[in-house]
Each structure stands twice: as C-alpha cells, then as structure tokens.
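So the chains spell out like this:
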Amino acid sequence: MTRNLTEGSPLKLIITFAIPMILGNLFQQLYNFVDTMIVGHFLGVEALAGVGATGSISFLIIGFCMGMCAGFAIPVAQAFGAKDYKTLRKYVANALYMSLAFSFGIAIVVSLLCRNILEWMQTPEDCIEYSYVYILTLFIAIPITFLYNILAGIIRAVGDSKTPLIFLVISTIINVILDYLFISTFSMGVFGAALATVISQLISGIMCFVVIVKKFEVLHVSGEEWRYDSRYVSRLCAMGLPMGLQYSITGIGSVILQSSVNMLGSLSVAAVTSASKVNLLFLCVLDALGASMATYGGQNLGAGKIDRIRQGTRAACIVGIAYSMFALVAVIFVRVPLIKMFTDTPIPEMVDMSALHVLVTTGCLTLLVFVNVLRFLIQGVGYSNFAIIAGILEMIARTVAGLVFIPLFGFVGACVASPFAWLLADCFLVPAYLTIMKKLEEKDVLANSALKAED
C-alpha cells in the first residue's frame, strides 16, 4: 500500500498521487456545501451568516492544527524516501507525542477565548450566538481533528493517498446524514452541524488507526522506538510549527478581513459565506496538487534525486494552469445556480454579490497554482521558514484588503483580497524556489564529489 515517488514519470506519479487527494478534498467541500445548504434552508440567513462568520477564525486555529500535522509528516516522508525505516518509526512515535500535547493545549486555550475573539471580530449581534455555539464545539474537539490529520498525514507520507480518501468519503457521507438528522429531525441547530462534523472526524481517525495497525507494517513502532527523543522532537517542530504558523499567519489576515466584512452587515457575511463554499469546490484540486508536492519533494530529497524535484515542480505547474483555465470557463456558467442553492428564498442582492466574488476569485486561480505548488514543495524539501514568509505576505495583503480596500470599495474590496494575497506570495515564492533549488543542487554536487574522492 506504500508508494515510492522517487522512480518513474514525475508527471504520472504526481497526478496519480494527487487524484485521491483531489477526490477527498472534493468530497470534503461537497460536504461543506451541503452543510451550508442545510443550515441555510432549515435555520435561515442569520444562522448561515453565523456559521460563515466563523470561517476565518476556524482557518486560523484549525488550519494551524492541520498545518502542524502536515509538517510532522514531512520527516516521515524523507525517511521513507531514504529507506531508513527505523528512523521513520521514531519520527512517527514522537509525532504522536507532539500531537497529543499540542492538541489538548490548543483546545483549552482557544475554547476559553472563543467568545472574546468573536466580539473582537465585531461579529453581527443577530448571528453571534450561532457563531459561538458552532465554533466552540469545533474548538473543544481539536484533539479529534489532530487524530485524523496526523494519522492521515503519516499514511500519505509513505505514498498511500487512496486510504485517507476512502475514509474521508465514508465520513463525509456520515457527516451529511448526521447533519440532516441533527438539524431537521432533532432540531439541534448549528450545534448539530458542528457535532456532525466532530463525530465524522472521529470515525475517520479511528479507521486510519485501524488500517495502520493491520496493513502498514513499516509504521509499527515497537520497543525503544517509542522512546521520547528531543532530537526527533526538534526536527518535527522545525517542520510542523512553521507549517502551522503559515496557516495561522495567513489566518490573521483573514480574521482582519472577516472583521471588515462583518461591519458591512449580515447580508455581506452571508454573501461571502456562499461564495466561499463555491470557491472551495474549485480550489480543492489546487489544494490537493500542492499537498502532493510536499510528499513528492520529501521522498525525492531523501533519495537524493534533485533533478526529479525540478521535473515534478514543472509538471505540477503545467497541470495546475490547465485546470485553472477549465475552472474559469466552468464557473461562468454554474456560479449563480450554485449560489441560489443555499437558501429557500435567495435574496437577489446577495446572489449578485456572491457571484462577483466567485468570478473574481476563480479568474485568478493561476496565481494560486504557484502559491500551492511552490510553497508545499519548499516545505517538503525542508525549508519551512520560507513558507512562513509567504504566509506573512498573504497576511499583509488580506490586512490591507480589510483595512483599506473594503472601507474604500465596499464588497468589491473583499472580492480582490485573495487574488491580491496570492500575487504578493508569488512575488516571494518564485525567487525563493529558484534559490533553494540552486542550494540543493550545489549540495548534491559536493556530496557526489566527496563520494568519488573516497572511491
């Protein structure tokens, strides 16, 4: 069930590895889409706005957790590429220790500060209670979020992107069923929507654990491999914290942006919520393409195959650009029908605002191709600090959009926020990638020269 990404056609390997992740992301976004539809249809526009108003803070906190788990998986991928399985298992053990400590610590802190954060973000009074109940439930369950993401990340690190997909599909179906039951049948409101998400994530995490025990012998930690080792913890934190901070730093800009949108009123919040769900359906392909590059880069670096890293990066960018063109054509025809699915009685003004947001975002997806491919690749080869700088630039861009663009241009300012953030990140990531590749090639030449001298 493991897969070696260091041999064979880079283009074919990246596509076949990314496809299960694309499908997984698509199912996840379809769930989010249906979840938003159920909330909007059964609970109304205010509840829809309440759930939507938590999007940026969820990205800030939950994104940090998911980024950290992805970072913890990078040393595992590098050890797998180098065929150093004992080291791999030591990384797995210490990654589990770190996940346990961070998950409970984060859950306690953010749960206590939850209402204060929503008030600071100027969440509209008519929907703040919906926001509080929904996001507090997700925050309390952060250890469950860690459980699924760290185990799924480890499975992907050894080359298997299909197993997490299967579990994600199963949990998505469960999630939708529970959503409908909790909201429409048991009248549990937005708490029911959040609880359905928590339960489905728990089921996914348990399934990942079971399959690791039964089918991934290379991941079976035993004996002294379970020992806590500060050297491994330091390496894991060097990978995990920057990736988590990358999401959080970007999320700070999103929080400021959301605060500005909140000041425009519930209608604008609902419009952004609807647009974001449609956007994510089209963004999920590029998210999966980028995530695949972390594993691809990590394995090939471990194997010392620097040329293949360049080849794979070029192939991934070509695939991403081709998809961006397809997405733009598709969204021109389907954006309005998709937006209208979120409420029983769509408000024309909200639909028009959402449609504009979707069109502008999708029209700039080519910028996101380079952000995702280069940033994840850079992380995979061990330069996570560079990704933090890109995250800081995205934060600055979204902050400018929130503090300057929205006051000047209103809702249009919110529409251009993400494209502006991607553009600013690209201005750093492209030269950073070229510099890093040059360094890796120089190290490779020196290593080969040393081997020849020994012979």
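Residues numbered from 1 in each chain as written. Predicted model: local features only at pLDDT ≥ 70, side-chain atom pairs only at ≥ 80, totals over all residues. Heavy atoms only, no water.

Novice: Help me understand the overall build of the chain, please; the structure alone is not making it clear to me.
Specialist: The helix and strand tally for the chain stands at 16 helices and zero strands. Since a compact globule built from 455 residues should have a radius of gyration of about 23 Å, the 22 Å found for the chain is in line with a globular shape. With the C-alpha coordinates of the chain rotated into their principal frame, the extents come out at 75 × 45 × 35 Å. With the model as given, the accessible surface of the chain reaches about 18100 Å², and the carbon-plus-sulfur share is 69%. (Helix = DSSP H or I, 4+ residues; strand = E, 2+ residues; numbered from the N terminus. Rg over C-alpha atoms; globule rule 2.2 N^0.38 Å. Areas by Shrake-Rupley, 256 points an atom, 1.4 Å probe, with all protein chains shown as cover.)

Novice: I tried to follow unusual backbone geometry on my own but got confused; where do I start?
Specialist: Excluding glycine, residues mostly have negative phi values, and the peptide bonds linking residues are mostly trans. The phi dihedral of Lys83 is positive, around 60 degrees, even though this residue is not glycine. You can see Lys83 is positioned in the loop between α3 (55-81) and α4 (85-120). Note on Lys83: relative accessible area 51%, which makes it exposed. A positive phi angle, near 50 degrees, is found at Ser187, a position not held by glycine. With respect to the helices and strands, the residue Ser187 is situated in the loop between α7 (162-185) and α8 (189-215). (Buried < 20%, exposed > 50% of the residue type's maximum accessible area, 1.4 Å probe, protein only.)

Novice: It is not clear to me how the pattern of salt bridges should be interpreted in this structure. Could you clarify?
Specialist: For the structure shown, the criterion picks out eight salt bridges. Two residues, Glu441 and Arg310, come together in a salt bridge whose shortest N-O distance is 2.6 Å. Of the two residues, Glu441 is situated in helix α16 (residues 417-454) and Arg310 in helix α11 (residues 306-340); the sequence distance between them amounts to 131 residues. You can call Glu441 partly exposed: its relative accessible area is 25%. Here Arg310 falls in the partly exposed class, since its relative accessible area comes to 25%. (Salt bridge = Lys/Arg side-chain N within 4 Å of Asp/Glu carboxyl O.)

Novice: Mind showing me how you'd approach the environment of Ala294 here?
Specialist: Inspection of the secondary structure assignment puts Ala294 in helix α10 (residues 266-302). It is 21 Å that separates the C-alpha atoms of Ala294 and Leu60, two residues lying 234 residues apart in sequence. Apart from residues no more than four positions distant in its own chain, Ala294 is found in contact with Phe376 and Gly380. (Contact = heavy atoms within 4.5 Å.)

Novice: Quick question: what am I supposed to make of the packing of aromatic side chains here?
Specialist: Each aromatic ring pair is summarised here by two numbers: the centre-to-centre distance and the angle between the ring planes. If you walk through the whole model with that rule in mind, you get nine aromatic pairs. Between Phe42 and Tyr180, the aromatic rings sit 5.8 Å apart at their centres with planes inclined by 80 degrees, giving edge-to-face as the arrangement. One end of the pair, Phe42, is in helix α1 (residues 10-43); the other, Tyr180, is in helix α7, with 138 residues separating them in the sequence. Given the relative accessible area of 43%, Phe42 is considered partly exposed. Using a relative accessible area of 45% as the deciding quantity, one classes Tyr180 as partly exposed. Relative to Phe186, the ring of Phe182 has its centre 6.4 Å away and its plane inclined at 40 degrees; by these criteria the two rings are tilted. Judged by its relative accessible area of 10%, Phe182 falls in the buried class. Here the aromatic cluster, defined as three or more aromatic residues joined through ring pairs, consists of Tyr383, Phe386 and Phe428. Its end group placed over the ring of Tyr132, Arg115 keeps NZ or CZ at 4.1 Å from the ring centre. (Phe/Tyr/Trp six-rings, centres within 6.5 Å; stacked < 30°, edge-to-face > 60°. Lys NZ or Arg CZ within 6 Å of the ring centre and 35° of its normal.)

Novice: Looking at this structure, I do not really get the environment of Leu100. What am I missing?
Specialist: Within the secondary structure, Leu100 sits in helix α4. For the pair Leu100 and Pro143, spaced 43 residues apart in sequence, the C-alpha separation works out to 7.2 Å.

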